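Examining the three-dimensional arrangement
Each chain is listed here by its residues.
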Amino acid sequence: MSDTTPTRPAPSAWSAGPVTAKRTGPVAVLTMSDPDTRNAMTPALVAGLSEVLQRVTADPAVRVVVAAGLPDVFSSGAAREYLMDHDRGELEPFVRAFARCPLPVVAAMRGHALGGGLTQGLYADVPVLSERSVYAANFLNYGLVPEYGTTWLLPARLGHALGTEMLWTARGYQGAELRRRSAPVQVVPHDQVLPRSLEIAERIARAPRRSLELLKHQLATQLLAASDAAVEVELGPHLEAWNSPALRRLVADRYGRPEEVWP
């Protein structure tokens, strides 16, 4: 074999709590996997995502991150315990982690994504959705109103009329319905979500890492500026709803009931 024959970098792997990642070539696949909570935003998942993302992006061989969840649940949003706690925690670093990542992120949203979990996935640079999975901005089911720029992000990513409708109805929309309603995101058969995401990531990874970092900075700066403006509008109403007795009552009555979300 010639000494000039190019060789692919050896795979690397990282893990922290329920979050793992593995690099093959320039693409790292990060997986959030907490079956017991259906990938709810628990402290373990929040901390694990932050740690693994930092370690993945510190590897100079990584150019693109593919973010995945469980086979049938990408993220089920805030945990019941979080919503029942009067002390409002800080989930912003988790929800907007993919926007703040210095490298491009393709979100393989193969499973259901609810509430803040939907917001998190749509903050990725390229989200890929499943035809059969359910996507819901289910905040009003609990008398809650969104934060973290969700009221701007959903209309911006999915179309103004559709994104606004999702916020009002709080119901679940299967990916196939979103595609029929002309949502400008990729929606593919369930088993094709991860392969399509990897295909997109490998295409992106053809560019030099520094060029990708520069484009990500350009796009993310604009994305975060627009969503920051929404956060300023959202925060007061969100806090009022958070401190309402109706929130805990509705969470106790409705959390986890399929009829509250599923179409």
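A brief report on the enclosed structure follows. (Residues numbered from 1 in each chain as written. Predicted model: local features only at pLDDT ≥ 70, side-chain atom pairs only at ≥ 80, totals over all residues. Heavy atoms only, no water.)

Turning to helix H7 (residues 160-169), its buried residues number three or more, namely Leu162, Gly163, Met166 and Leu167. The buried side chains of H7 occupy one side of the element, clustering within an arc of 140° when seen end-on. Every exposed residue of H7 that faces more than 90 degrees away from the buried side is listed here: His160, Ala161 and Trp168. Alanine 170 sits one or two residues past H7 and shows a positive phi near 60°. (Buried < 20%, exposed > 50% of the residue type's maximum accessible area, 1.4 Å probe, protein only. Helix = DSSP H or I, 4+ residues; strand = E, 2+ residues; numbered from the N terminus. Arc of directions from axis to C-beta.)

Of all hydrophobic cores here, the largest spans 63 residues; its most connected members are Leu30, Leu49 and Phe98. For this core, the leading source of residues is helix H1 (residues 43-58), giving 6 residues. The contacts of leucine 49, once residues within four sequence positions are left out, are Val19, Leu30, Met32, Phe94, Ala97, Phe98 and Gln120. One finds Ala108, Val128, Val188 and Ala205 within the second-largest nonpolar core, a separate group that totals 13 residues. (Core = buried A, V, L, I, M, F, W, Y, C linked by side-chain atoms within 4.5 Å. Contact = heavy atoms within 4.5 Å.)

Two numbers describe how helix H6 (residues 150-158) lies on helix H10 (residues 209-242): the axes approach to 7 Å, and their chain directions differ by 135°. Taken together, the axes of H6 and H10 are oblique relative to one another. The segment H6 lies against H10, with Thr150, Thr151, Trp152, Leu153 and Arg157 engaging Leu223, Ala226, Ser227, Ala230 and Glu234. When the residues that make up the contact of H6 with H10 are grouped by side-chain class, the tally is 5 nonpolar, 3 polar and 2 charged. (Axes fitted to C-alpha atoms, helices over the stretch in contact; angles between N-to-C directions. Parallel < 35°, antiparallel > 145°, perpendicular 65-115°, else oblique. Nonpolar A, V, L, I, M, F, W, Y, C, P; charged D, E, K, R; others polar.)

Turning our attention to the pairing of strand E8 (residues 105-109). Each regular strand shows side chains that alternate between the opposite faces of the sheet. Among the 5 residues that make up E8, 5 are buried, leaving the element largely enclosed by the rest of the structure. The side-chain alternation of E8 yields two buried faces, one formed by Val105, Ala107 and Met109 and the other by Val106 and Ala108. Bridge count for strand E5 (residues 64-68) against E8 is 4 bridges, and the pairing is parallel. Opposite valine 65, over in E8, you have valine 105 as the bridge partner. Bridge analysis of E8 against strand E10 (residues 126-130) gives 4 bridges, and the strand direction is parallel. The residue of E10 that forms the bridge with alanine 108 is valine 128. (Pairing = 2+ DSSP bridges.)

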